[in-house]
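Survey of secondary and tertiary structure
Residues per chain, in single letters:
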Amino acid sequence: MQDLIERAARDIAGSTYAIALTGAGISVESGIPPFRGKGGLWEKIDPMEFAHIDSFLRDPEKVWNVLIKEMKGVVDEAKPNDAHTGLADLERMGKLKTIITQNVDGLHQVAGNTDVIEFHGNFAWQRCMDCGGKIETSEIDLSEIPPRCACGGIYRPDCVFFGEMIPPDYMRRSQQAASLCDIMLVLGTSAVVQPAAYMPVVAKENGAKVIEINPENTPLTGRISDYIILGRGGEVMNGIIAELEKLLDA
Ligand SMILES: [Zn+2]
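The present account deals with the structure reproduced in this document. Note that the structure is predicted; figures quoted are calculated from it, not measured. (Residues numbered from 1 in each chain as written. Predicted model: local features only at pLDDT ≥ 70, side-chain atom pairs only at ≥ 80, totals over all residues. Heavy atoms only, no water.)

1. Here we look at the packing of aromatic side chains
Definition in use: Only Phe, Tyr and Trp rings take part, Trp by its six-membered ring, and two of them pair if their centres are within 6.5 Å. Stacked means planes under 30 degrees apart, edge-to-face means over 60, and tilted covers everything else. We call a charge positioned above a ring when the Lys NZ or Arg CZ atom is no farther than 6 Å from the ring centre and deviates by at most 35 degrees from the ring normal.
Per the counting criterion, the structure on display carries 2 aromatic pairs. Here the guanidinium or amino end of lysine 62 rests over the ring plane of phenylalanine 50, the centre of that ring lying 5.2 Å away. Positioned over the ring face of tyrosine 17 is lysine 97, at 5.4 Å from the centre of the ring.

Structure representation (structure tokens):
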């Protein structure tokens with residue numbers, strides 16, 4: 001693994017426009033379970049019953065009580081891990097422009113990244129359905145369900161429910177970043193779910209190097225990605241930052 005970490009550090013050092021694509025895997029080390037797959041939230045909670053916009057509009061109380069309370073409990077407690085802080089370090093070193101993420105936990109911003117495109121919105125904020133006013137999810141008072149804004153409107157998570165469109169502006173900005181980058185780091189995602197799955201393809205077609213950091217091979221491996229560093233995101237990012245510091249000091 002060390003030789004691949006050194007290779008990634010050299011590639012990043014020589015790049016002028018690196019971006020990252022992240023998914024649920026990067027937040028697992030922060031205690032946030034993935035939605036999909038084994039042990040995922042959707043095994044416990046049926047997304048069509050609790051995470052579809054029609055379910056929310058029909059019965060916001062039910063969706064708040066089951067899905068949103070559960071997620072709030074998890075996200076309120078979560079802190080960025082070494083993979084998040086590693087990406088924030090890259091930005092501070094001038095070596096990462098943008099993060100495109102499938103996650104809604106807001107941990108990239110907590111870690112310090114300033115340009116984060118969140119395909120699915122952000123669960124760290126709630127939005128009033130009437131006046132559009134926003135409040136941090138951790139500040140929400142759960143004594144009344146569904147919680148309401150001072151104007152009387154119901155709060156909803158500021159993220160994309162099933163049945164809702166990914167905001168076109170996010171799509172446009174991510175496609176632009178993917179086509180301009182010379183390096184795309186893919187962390188903690190197998191990138192099988194659209195539209196995220198499309199981004200490494202766009203990067204590759206435009207001549208970028210795609211570097212995967214994942215615990216196991218994915219459909220991108222050997223096909224789209226130039227190489228994969230098999231391991232936990234936090235450990236790998238710590239290694240890359242340490243190598244990069246040596247290179248940039250030299
Ligand atoms: Zn309101």
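Back to the write-up after that little detour.
2. So, the coordination of the zinc ion
The test is simple: Donor criterion used throughout: N, O or S atom within 2.8 Å of the metal, extended to 3.2 Å for Na, K and Ca. Water excluded; incomplete-looking sites may result. Tetrahedral means four donors with every angle between 85 and 135 degrees, whereas square planar (four donors) and octahedral (six donors) require angles over 155 degrees between opposite donors and between 65 and 115 for all others; sites fitting neither are termed irregular. Helix and strand assignments follow DSSP, with helices taken as H or I runs no shorter than four residues and strands as E runs no shorter than two, numbered in order from the N terminus.
Coordination sphere of the zinc ion, protein contribution only: Cys128 (SG), Cys131 (SG), Cys149 (SG) and Cys151 (SG), at 2.3 Å. What the 4 donor atoms of the zinc ion show is an angle range of 102 to 119° at the metal, which sorts the shape as tetrahedral. Each donor residue of the zinc ion belongs to the same chain, with the gaps between them written as C-x2-C-x17-C-x1-C. Of this pair, cysteine 131 sits in the loop between β4 (121–128) and β5 (134–136) while cysteine 149 sits in the loop between β5 and β6 (155–159), placing them 18 residues apart in sequence.

3. Some details on unusual backbone geometry
Put simply, isoleucine 145 and proline 146 share a cis peptide bond, and its omega is -5°. Relative to the helices and strands, proline 146 is located in the loop between β5 and β6. Of note, the amide linkage connecting glutamine 194 to proline 195 takes the cis form, showing an omega dihedral of 0°. Along the chain, proline 195 turns up in the loop between β7 (183–187) and α10 (198–205).

4. Section: the nonpolar core
How we decide: For our purposes a nonpolar core is just a set of buried Ala, Val, Leu, Ile, Met, Phe, Trp, Tyr and Cys residues, chained together by side-chain atoms within 4.5 Å. Buried, partly exposed and exposed residues are distinguished by accessible area as a fraction of the type maximum, computed with a 1.4 Å probe on protein chains only: under 20%, between the cut-offs, and over 50%, respectively. Contacts: residue pairs with any heavy atoms within 4.5 Å of one another.
Membership of the largest hydrophobic core comes to 25 residues, with the highest contact counts inside it found for Leu87, Leu90, Leu185, Leu187, Ile229, Met237 and Ile240. Those elements giving two or more residues to this core turn out to be α1 (2–13), β1 (18–22), α7 (82–92), β7, β8 (209–214), β9 (227–230) and α11 (233–249). Of the residues forming this core, the biggest block, 5 residues, is contributed by α11. Other than its neighbours up to four places away in sequence, methionine 237 contacts Asp82, Ala83, Gly86, Leu87, Leu90, Leu187 and Ile213.

5. Notes on the pairing of β8
What counts is decided by this rule: When DSSP finds at least two bridges between two strands, those strands are taken to pair. Call a crossover right-handed when, viewed with both strands pointing away from you, the route from the first strand across the helix to the second goes clockwise.
Buried residues dominate β8, accounting for 5 of its 6 residues. Sheet topology note: the β7/β8 ladder contains 5 bridges and is parallel. Paired with isoleucine 183 across the strands is lysine 209, a residue of β8. This β-α-β element, β7 to α10 to β8, shows right-handed connectivity.

6. Description of the sheet that holds β1
Heads up, the condition is: Note on method: axes are straight lines fitted to C-alpha atoms, helices fitted across the in-contact stretch only, with angles between N-to-C directions ranging 0 to 180 degrees.
Taking strand neighbours across the sheet as the criterion, the 6 strands line up as β3-β2-β1-β7-β8-β9 in an open arrangement whose pairing is parallel. Since the sheet does not close on itself, it has two edges, and those belong to β3 (116–118) and β9, each with one partner. Taken over all neighbouring pairs, the strand axes of this sheet differ in orientation by 20° on average, direction set aside. As paired strands, strand β2 (residues 98–101) and β3 are joined by 3 bridges and run parallel to one another. Following the sheet pairing, isoleucine 99 is matched in β3 by valine 116. Here helix α9 (residues 168–180) sits on the sheet in contact with β1, β2, β3 and β7, set at roughly 130° to β3. Of the strands in this sheet, β1, β2, β7 and β8 are in contact with α10, which crosses β7 at around 155°.

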